[in-house]
Amino acid sequence: MSPTNQSAIRNPQSAIPQVALESTVIAHGLPSPHNLETARACENAVRESGATPATIGIVAGQPVIGLSQKQIEEIANRADVVKVNLANLGAVIAQRRWGATTVASSLYFAAKAGIRVFATGGIGGVHRGASDSFDISADLTALARFPVVTVCAGAKAILDLPKTLEVLETLGVPVVGYQTDELPAFYSRSSGLRLDLRADSPEEVAAIAASHWQLGFTTSVLVVAPIPAEAEVPAEEIRHEIESALIAATEQNITGKSVTPFLLSRIAAKTEGRALRANIALLENNARIAGQIAIAFSKQEQ
Ligand code: PSU
Ligand code: MN
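The rules behind these values
Residues numbered from 1 in each chain as written. Chains lettered and ligands numbered in written order. Predicted model: local features only at pLDDT ≥ 70, side-chain atom pairs only at ≥ 80, totals over all residues. Heavy atoms only, no water. Helix = DSSP H or I, 4+ residues; strand = E, 2+ residues; numbered from the N terminus. Contact = heavy atoms within 4.5 Å. Axes fitted to C-alpha atoms, helices over the stretch in contact; angles between N-to-C directions. Left-handed = near helix turned anticlockwise from the far one by under 90°. Nonpolar A, V, L, I, M, F, W, Y, C, P; charged D, E, K, R; others polar. Buried < 20%, exposed > 50% of the residue type's maximum accessible area, 1.4 Å probe, protein only. Near = heavy atom within 4 Å. Polar contact = N/O pair within 3.5 Å; in protein donor to acceptor, adjacent residues only side chain to side chain. Areas by Shrake-Rupley, 256 points an atom, 1.4 Å probe, with all protein chains shown as cover. Pairing = 2+ DSSP bridges. Right-handed = clockwise from strand over helix to strand, strands pointing away. Core = buried A, V, L, I, M, F, W, Y, C linked by side-chain atoms within 4.5 Å. Phe/Tyr/Trp six-rings, centres within 6.5 Å; stacked < 30°, edge-to-face > 60°. Lys NZ or Arg CZ within 6 Å of the ring centre and 35° of its normal.

Engineer: Tell me what's going on with the environment of Gly154, and back it up with residues and numbers.
Structural biologist: Secondary-structure assignment places Gly154 in the loop between β7 (149–152) and α8 (161–171). When the C-alpha atoms of Gly154 and His212 are compared, they prove to be 20 Å apart, with 58 residues separating the residues in sequence. Once residues lying within four places of it in the same chain are set aside, the contact partners of Gly154 are Gly121, Gly122, Ile123, Leu183, Pro184 and Val224.

Engineer: Lay out the packing of helix α2 (residues 34–48) against helix α3 (residues 69–77) in plain terms, naming residues and giving numbers.
Structural biologist: Here α2 crosses α3 at 145 degrees, and the two axes come no closer than 9 Å. Judged by the sense of rotation from one axis to the other, the crossing of α2 with α3 is right-handed. Where α2 abuts α3, its residues Asn35, Leu36, Ala39, Arg40, Glu43 and Arg47 lie against Gln69, Ile72, Glu73 and Ala76. Here the contact of α2 with α3 is composed, by residue class, of four nonpolar, two polar and four charged.

Engineer: An account of unusual backbone geometry is requested, with residue identities and associated values reported.
Structural biologist: In this structure, the amide linkage connecting Ser32 to the following residue, Pro33, adopts the cis form with an omega of 0 degrees. Secondary-structure assignment places Pro33 in the loop between α1 (24–29) and α2. Non-glycine residue Phe134 carries a positive phi angle of around 60 degrees. Within the secondary structure layout, Phe134 lies in the loop between α6 (130–133) and α7 (138–143). Residue classification places Phe134 among the exposed residues on the basis of a relative accessible area of 70%. One non-glycine residue, Gln179, lies in the positive phi region at around 60 degrees.

Engineer: Go over the site of ligand 1 with me, naming the residues and quoting the values.
Structural biologist: Taken together, 18 residues lie near ligand 1, and Glu22, Lys83, Ser137, Asp139 and Thr260 sit nearest. Contacts to ligand 1 include Lys83, whose side-chain N or O atom sits 2.7 Å from an oxygen atom. Within the contact set of ligand 1, an oxygen atom lies 2.8 Å away from a side-chain nitrogen or oxygen of Asn279. Protein contacts shield 94% of the accessible area of ligand 1, which totals 480 Å² for the unbound molecule.

Engineer: Just give me the short version of the pairing of strand β4 (residues 81–84), but keep the residues and values in it.
Structural biologist: In the case of a regular strand, side chains alternate between the two sheet surfaces. Residues Val81 and Lys83 point to one face of β4 and Val82 and Val84 to the other, with burial holding for every one of them. Two strands pair when backbone bridges link them, and β4 and strand β5 (residues 98–101) are joined in this way by four bridges, in the parallel orientation. Within β5, the residue paired with Lys83 across the bridge is Ala100. Of the crossover connections in this fold, the one passing from β4 over helix α4 (residues 89–94) to the parallel β5 is right-handed.

Engineer: I'd love a proper account of helix α5 (residues 103–113), names of residues and values included.
Structural biologist: With respect to burial, α5 is a largely interior element, eight of its 11 residues being buried. Along α5, the residues classified as buried are Val103, Ala104, Ser105, Ser106, Leu107, Phe109, Ala110 and Ala113. Looking one or two residues past α5, Gly114 carries a phi angle of roughly 75 degrees, positive in sign.

Engineer: A description of the nonpolar core should follow, citing residues and the corresponding values.
Structural biologist: In terms of nonpolar packing, the biggest core is built from 106 residues, with Val19, Val117, Ile123, Val149, Tyr187, Leu222 and Ile293 touching the most fellow members. Tallying contributions element by element places helix α12 (residues 274–300) first for this core, with 14 residues. If we skip the residues at most four places from it in the chain, Ile293 touches Val117, Val149, Val151, Pro202, Val205 and Val223.

Engineer: Got a sec to walk through the pairing of strand β10 (residues 221–224)? Specific residues and values, please.
Structural biologist: Neither face of β10 is left uncovered, since the one carrying Val221 and Val223 and the one carrying Leu222 and Val224 both have all their residues buried. Relative to β10, β7 runs parallel, the two sharing four bridges. The residue of β10 that forms the bridge with Val149 is Val221. Note: strand β8 (residues 175–178) against β10, three bridges, orientation parallel. Within β10, the position partnered with Val176 by the bridge is Val223.

Engineer: I'd like to hear about the packing of aromatic side chains, residue by residue, with values.
Structural biologist: What the rule picks out here adds up to four aromatic pairs. With a centroid separation of 5.8 Å and 75 degrees between ring planes, the pair formed by Tyr108 and Phe146 is classed as edge-to-face. Residue Tyr108 is found in helix α5, and its partner Phe146 is found in the loop between α7 and β7; the two are separated by 38 residues along the sequence. Ring plane angle 15 degrees and centroid distance 6.0 Å describe the contact between Trp213 and Phe297, whose orientation is recorded as stacked. Remark: Phe297 occurs in helix α12 and Trp213 occurs in helix α9 (residues 202–214); sequence separation between them is 84 residues. For the pair shown, Trp213 and Phe297 are each scored as buried. Site record: aromatic cluster; members linked through ring pairs are Tyr108, Phe109 and Phe146. Sitting over the ring of Phe297, Arg116 keeps its end group 4.9 Å from the ring centre.

The structure is reproduced here in structure tokens:
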């Protein structure tokens, strides 16, 4: 069997403006029933902007770019869905398992299918305490490798944001503030970390990305869009919950791929769903902006 089943990869280099969406957030990032509702809402946000969504996942060993509603439902509800990054993708396919794609593996498939825009919530990055744990998300490796615009609300606030920015710079990944001069902090609009790139419209993002790729670079262009103001949880109001979740993760020996889902669900539970509502709002917002960028790319070519 070929490592990726080409027949499941729809619309290669398609003229239709498409936006890739990931499925780890559905399987491991949000609790039921919010996971399924949010997956649908993100697809709808892409459609409302005039583009076509393609949610990515692995269905019994078959990579699918553009999951059906029924397949999305299964990914949301099955208990045996593996979180798939670059290291275990081949194995999940070989073993005919179900897989939810992270930013890393979604970028791989988006690039392969010629989809130029991808939306997620918050990328993975350098974890706090990484100098001991060496826990640095494969999302960063993938951002350095796949030429796809990635729209996010910054890196997740549970991470070490300054170190994450440094690694992105080392890897040559442009980090473009979307209508902001600061790195957003996922639940919160501001982190206090200045960015030197900014775009105020989807067309400006498309122009920056086209110029970057024209130079022969093959990295992602990371677009960081702050959560809508009405949904944000200000940094000082959530700091304590993030810190106490990090302590709980250490005490309970949570490691590897379980760290991020553990922290997100704990923070959601401890904030009476406030963090969860913020997460959902930022996912939809990013999907909408990604759709607008996909449309801007298609206009650029006319
Ligand atoms: N954004 C969210 N929730 C999530 C994720 C992103 O709002 O759960 C997922 C993405 O799939 C991302 C992953 O790639 O978290 C990062 O996991 P890790 O830190 O284990 O690399
Ligand atoms: Mn990790």
